[in-house]
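Letter by letter, the chains look like this.
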Amino acid sequence: MTSRLERTAILAVVAFVLTLLQAPAQAVTPLTVAQAIATQNGSTQTVRGYVVGQPTATSTVVTSGFPNDYALAIADTATETATSKMLYVQIPSAFRAQWGLRTNPSLMGDQIDVTGALSAYFSHPGMTGTSAFALTGGGGGGTEPPPGGTSPWDSTYYAPAMGQSGAQLKSTLHGIIDGHTMLSYTTVWTALKDTDEDPNNANNVIELYTGRSIAETSNGGNTGQWNREHVWAQSRGGFDTSAGPGTDLHHIRPEDVTVNSIRGNKDFDNGGTAVSGCTDCWTDADSFEPRDAVKGDVARMLLYMAVRYEGGDGWNNLEMSSTVGTSSTLLGDLETLLAWNAADPVSAFEMRRNDRIHSAWQGNRNPFIDHPEWADAIW
């Protein structure tokens, strides 16, 4: 027989257990990617990171042209390119339709939480047996666009576009920036000496990719000089250097002759081998990666071109591409460029350039310099 004292003790234990069961669950703070890489012990954990590509080998992560939906790589920053700082996440079959990058390339740049076993994948720090995926609301593609900023031009120049998004915003912005003053290709030389003037030396210009300050008079086609770089390559837009897209200052910048030649007509993407004479520039067979300080500049120039030239004024309809390649009218990689736009804020140099093109040369502005958030609102 159970004594009264024993019954009292049992009831106290039961009451304590019920209290624990009824207590609200405490939120578990996800691990960072760096922590997950350092904790490859097979334990089941939730990790938070940005989608930065798809692993295809131990030291290879692709950021476009995804071959399948079987895996993704996450990192602590959306612009990470070092595979040593990435966690390779296995995507089980039940999750591939929603979380695989071949089917959902817009996930690039999104911040997500993943839950699974911290163990090697592709012979690299990873997560296997993944049991849960969730968007956190951070990042770029696939989530709501960031809140709009303000510009001195909102109540005048951009008034028709305020509050819009998607295709409607793109169409309205085209109508605003269309019909600008066309320059001759010769005049572009003179204009660049103004728009790209070195703020510390009025006799020099700043080269886009190298960042080098060079005498404005040292322009031409010889090694060591600067020439006119079409950020949207002529052969990828089907235009020449007659007045039109081939002379549009919003995408033409001074650049070292040799580096300009190396870039050629390649798309823009992360990775490759180092470019001689251009610190922090990288290239491979079909893409070029500029230094971090101007990645946003490059993205915003290309997005401008895709909105300005819609095929209705005698030139091709220029559009962005989610892959790299050799299309005559598409240029990419869109997801990479959107990430660059988010990671590299508009600089004072870039804003002054926009102001000079508007006030002194073409009479139109690049909307993505005034409102970088409009990139995600459209794409």
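For clarity, every value in this text was computed on a predicted model and none was experimentally measured.

We now examine the sheet that holds strand S14 (residues 282–283). Here 4 strands make up an open sheet; going across it, the order is S12-S15-S14-S13 and the pairing mixed. Strand pairing shows two members of the sheet lacking a second neighbour, strand S12 (267–268) and strand S13 (273–274), which therefore form its edges. As defined by bridge partners, S13 adjoins S14 across 2 bridges and the pair is classed as antiparallel. For Ala274, the partnering residue across the bridge sits in S14 and is Trp282.

Another point: the layout of surface pockets. Empty space within the largest pocket amounts to approximately 390 Å³. Val61, Val62, Thr63, Asp269 and Asn270 are, among the 26 residues lining the largest pocket, the residues nearest its centre. Contributing elements (two or more residues each) for the lining of the largest pocket: strand S1 (44–57), strand S2 (60–62) and helix H8 (334–343). Take the lining of the largest pocket: its biggest share by element is 4 residues, from H8. Of the residues assigned to the lining of the largest pocket, the class counts are 10 nonpolar, 11 polar and 5 charged.

Evaluated as defined, the whole model comprises 1 disulfide. Between the sulfur atoms of Cys278 and its disulfide mate Cys281 the distance is 2.1 Å. You can call Cys281 buried: its relative accessible area is 1%.

To continue, consider the pattern of salt bridges. A full pass over the atoms with the stated rule returns 18 salt bridges. In this structure, Asp113 engages Arg48 in a salt bridge whose closest nitrogen and oxygen atoms are separated by 2.7 Å. Of the two residues, Asp113 is situated in strand S5 (residues 111–118) and Arg48 in strand S1; the sequence distance between them amounts to 65 residues. For Arg48, a relative accessible area of 34% corresponds to the partly exposed category. Between Arg352 and Asp194 there is a salt bridge whose closest N-O contact spans 3.4 Å. Of this pair, Arg352 sits in helix H9 (residues 348–361) while Asp194 is found in helix H5 (residues 185–195), placing the two residues 158 residues apart along the sequence.

On to the pairing of strand S4 (residues 87–90), then. Pairing of strand S3 (residues 71–75) with S4, which is carried by 4 bridges, proceeds in the antiparallel orientation. Within S4, the residue paired with Ala71 across the bridge is Gln90. Sheet topology note: the S4/strand S6 (residues 126–135) ladder contains 2 bridges and is parallel. Within S6, the residue paired with Tyr88 across the bridge is Gly126.

Residues Gly332 and Asp333 are joined by a peptide bond in cis, for which omega reads 5°. Of note, Phe122 is a non-glycine position whose phi angle comes to about 55°, a positive value. Considering the arrangement of structural elements, one finds Phe122 in the loop between S5 and S6. The partly exposed category is assigned to Phe122, whose relative accessible area is 30%. Notably, Ser123 is not glycine yet its phi reads approximately 55°, a positive angle. Mapped onto the secondary structure, Ser123 falls in the loop between S5 and S6.

Interaxial distance between helix H4 (residues 166–177) and helix H7 (residues 295–308) falls to 8 Å at its minimum, and their mutual angle equals 90°. As the angle between them shows, H4 and H7 are arranged roughly perpendicular. Packed against H4, whose contacting residues are Lys170, Leu173, His174 and Ile177, the element H7 presents Tyr304, Ala306, Val307 and Arg308 at the interface. For the contact of H4 with H7, a count of residues per class yields 5 nonpolar, 1 polar and 2 charged.

What follows is about the nonpolar core. The nonpolar side chains of soluble globular proteins are, as a tendency, buried together. Ranked by internal contacts, the top residues of the largest apolar core, which has 41 residues, are Leu173, Tyr209, Trp232, Phe268, Val298 and Leu302. Listed by contribution, the elements that provide at least two residues to this core are H4, H7, H8 and helix H11 (374–378). If you tally residues by element for this core, the top one is H7, at 9 residues. Non-local contacts of Leu173, meaning those with residues more than four positions away in its chain, are made with Tyr158, Ala161, Val307, Pro367, Trp374 and Ile378. Core analysis: the next-biggest nonpolar cluster, separate from the first, contains 20 residues, Ile74, Met108, Leu118 and Met127 among them.

Using a probe with the size of a water molecule, rolled over the atoms, empty space left in the structure can be pinpointed. Within this structure, the stated rule accounts for 1 cavity of 30 Å³ or more. Considered as a void within the structure, the largest cavity measures approximately 60 Å³ in volume. Lining the largest cavity are His250, Arg253, Asp297, Met301, Glu350, Arg353, Asn354, Ile357 and Ile369. With 4 residues, H9 is the largest single contributor of residues to the lining of the largest cavity.

How each quantity is defined
Residues numbered from 1 in each chain as written. Predicted model: local features only at pLDDT ≥ 70, side-chain atom pairs only at ≥ 80, totals over all residues. Heavy atoms only, no water. Pairing = 2+ DSSP bridges. Helix = DSSP H or I, 4+ residues; strand = E, 2+ residues; numbered from the N terminus. 1 Å grid on protein atoms, 1.4 Å probe; cavity = no way out; pocket = protein on both sides within 12 Å on 5 of 7 lines; lining within 4 Å. Points joined across faces, edges and corners; volume = space filled by probe spheres on them. Nonpolar A, V, L, I, M, F, W, Y, C, P; charged D, E, K, R; others polar. Disulfide = S-S within 2.5 Å. Buried < 20%, exposed > 50% of the residue type's maximum accessible area, 1.4 Å probe, protein only. Salt bridge = Lys/Arg side-chain N within 4 Å of Asp/Glu carboxyl O. Axes fitted to C-alpha atoms, helices over the stretch in contact; angles between N-to-C directions. Parallel < 35°, antiparallel > 145°, perpendicular 65-115°, else oblique. Contact = heavy atoms within 4.5 Å. Core = buried A, V, L, I, M, F, W, Y, C linked by side-chain atoms within 4.5 Å.

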